[in-house]
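# Observations on chain architecture
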Amino acid sequence: MVDYHQIYAEQADAYDRLVRAEDWRGNLPRIINELIPPRCERVLEVGAGTGRLTRMLPHSARIVATEGSEAMLRVAENGLGAARTIGFCTADARALPMRDGWADVAIAGWVFGHFCDWHEASAEAEIDRAIGEMRRCLRPGGTAVILETLGTGTPSAGAPTPGLERYYRRMEDVFGFTRSVVETDYEFADRRTAEELVTFFFGEETAREIGPGERPRLREFTGLWTWTDVA
Ligand SMILES: C[S@@+](CC[C@H](N)C(=O)[O-])C[C@H]1O[C@@H](n2cnc3c(N)ncnc32)[C@H](O)[C@@H]1O
């Protein structure tokens, strides 16, 4: 069983190597660019990790990247800090240190899905709090974007577990988010790296789905849920 708390606390560099191998086609930056309004000046990122999404956010915007793990945020800061004006801040997604209405866009990538395992009995309430915090921080007319997995090493897109399926349905049916799906397959420099990184984060069963070839690939589907405040 993979211990994600341990990974985010102690293996941030390995996580960063893994996500840098994702989306070899470059689909994510394209779709994020389409979903984020062109005149966006202030972006709040929740659970920024090592900065993989942060790098895709508009360079002209003021960005505050929040994250629960100091170790992950340090990697993000080292990779992005010098080149961009970004505020980095450790914070729990369920209690963000931001004033109401600050952001034009609030974005969270692959964060709240963990609550389904980490807080099994109260997952729904924890996810509601986190989504509520993103919405509180948005200005009227602002946009929230949430990304989550729709399958790693699977032949088609779909929620990998019943808990995630309930979470995704709730975003749509209760919070009014709209889903789009994009392929974000991994491509690795060689087989040894592929097996090392995929096993480390997804486990041995998923590592068996790594494709053949000198630069092996692994299928990944990503869901992007968007909601715009129309009040
Ligand atoms: C799968 S990683 C995604 C990181 C990053 N968004 C990315 O695109 O690579 C999940 C991240 O969520 C963070 N996280 C999990 N629960 C959190 C919480 N309650 N508050 C803030 N961050 C949290 C973890 O520390 C980890 O960095």
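Structure: above.
Owing to the predicted nature of the structure, the values given are computational and were not obtained by experimental measurement. (Residues numbered from 1 in each chain as written. Predicted model: local features only at pLDDT ≥ 70, side-chain atom pairs only at ≥ 80, totals over all residues. Heavy atoms only, no water.)

The subject of this paragraph is the sheet that holds strand β5 (residues 138–152). Pairing between sheet strands relies on hydrogen bonds along the backbone, with the strands arranged either parallel or antiparallel. The seven strands lie next to each other as β3-β2-β1-β4-β5-β9-β6, forming an open sheet whose pairing is mixed. Pairing within the sheet leaves two strands with one partner each, and these edge strands are β3 (86–90) and β6 (178–183). Looking at each pair of strands side by side, their axes are set apart by 20° on average, direction ignored. Taken together, the six bridges between strand β4 (residues 103–109) and β5 define a ladder with parallel strand orientation. Bridge pairing in β5 links I107 to V145. Lying on the sheet, helix α6 (residues 123–136) is in contact with β1 (42–46), β4, β5 and β9 (220–228); it crosses β5 at an angle near 145°. The sheet strands contacting helix α7 (residues 162–173) are β5, β6 and β9, and the helix crosses β5 at an angle near 155°. (Pairing = 2+ DSSP bridges. Helix = DSSP H or I, 4+ residues; strand = E, 2+ residues; numbered from the N terminus. Axes fitted to C-alpha atoms, helices over the stretch in contact; angles between N-to-C directions. Contact = heavy atoms within 4.5 Å.)

Ranked by internal contacts, the top residues of the largest apolar core, which has 32 residues, are L44, F112, I146, Y167 and F177. Put simply, the parts of the chain that give this core at least two residues each are β1, β4, α5 (115–118), α6, β5, α7 and β9. Among residues more than four places away in sequence, those in contact with F177 are I131, A144, I146, M171, E172, W225, T226 and W227. In this structure, V43, A65, L73 and A76 belong to the second largest nonpolar core, which totals 24 residues. (Core = buried A, V, L, I, M, F, W, Y, C linked by side-chain atoms within 4.5 Å. Buried < 20%, exposed > 50% of the residue type's maximum accessible area, 1.4 Å probe, protein only.)

Okay, the environment of I127 next. Take I127: it is sitting in helix α6. With relative accessibility at 4%, the residue I127 sits in the buried group. Taking the C-alpha atoms as reference points, I127 and F175, separated by 48 residues in sequence, lie 11 Å from one another. Beyond its immediate sequence surroundings of up to four residues, I127 is in contact with F112, F115, C116 and Y167.

Residues in contact with the ligand amount to 20 residues; listed here are only the nearest, Y15, G47, R52, E67 and A93. Side-chain polar atom of R52 to an oxygen atom of the ligand: 2.7 Å apart, as the coordinates give it. When the ligand sits alone it has 590 Å² of accessible area, and the protein chains cover 95% of it. In terms of residue class, the shell around the ligand is made up of ten nonpolar, six polar and four charged. (Near = heavy atom within 4 Å. Polar contact = N/O pair within 3.5 Å; in protein donor to acceptor, adjacent residues only side chain to side chain. Areas by Shrake-Rupley, 256 points an atom, 1.4 Å probe, with all protein chains shown as cover. Nonpolar A, V, L, I, M, F, W, Y, C, P; charged D, E, K, R; others polar.)

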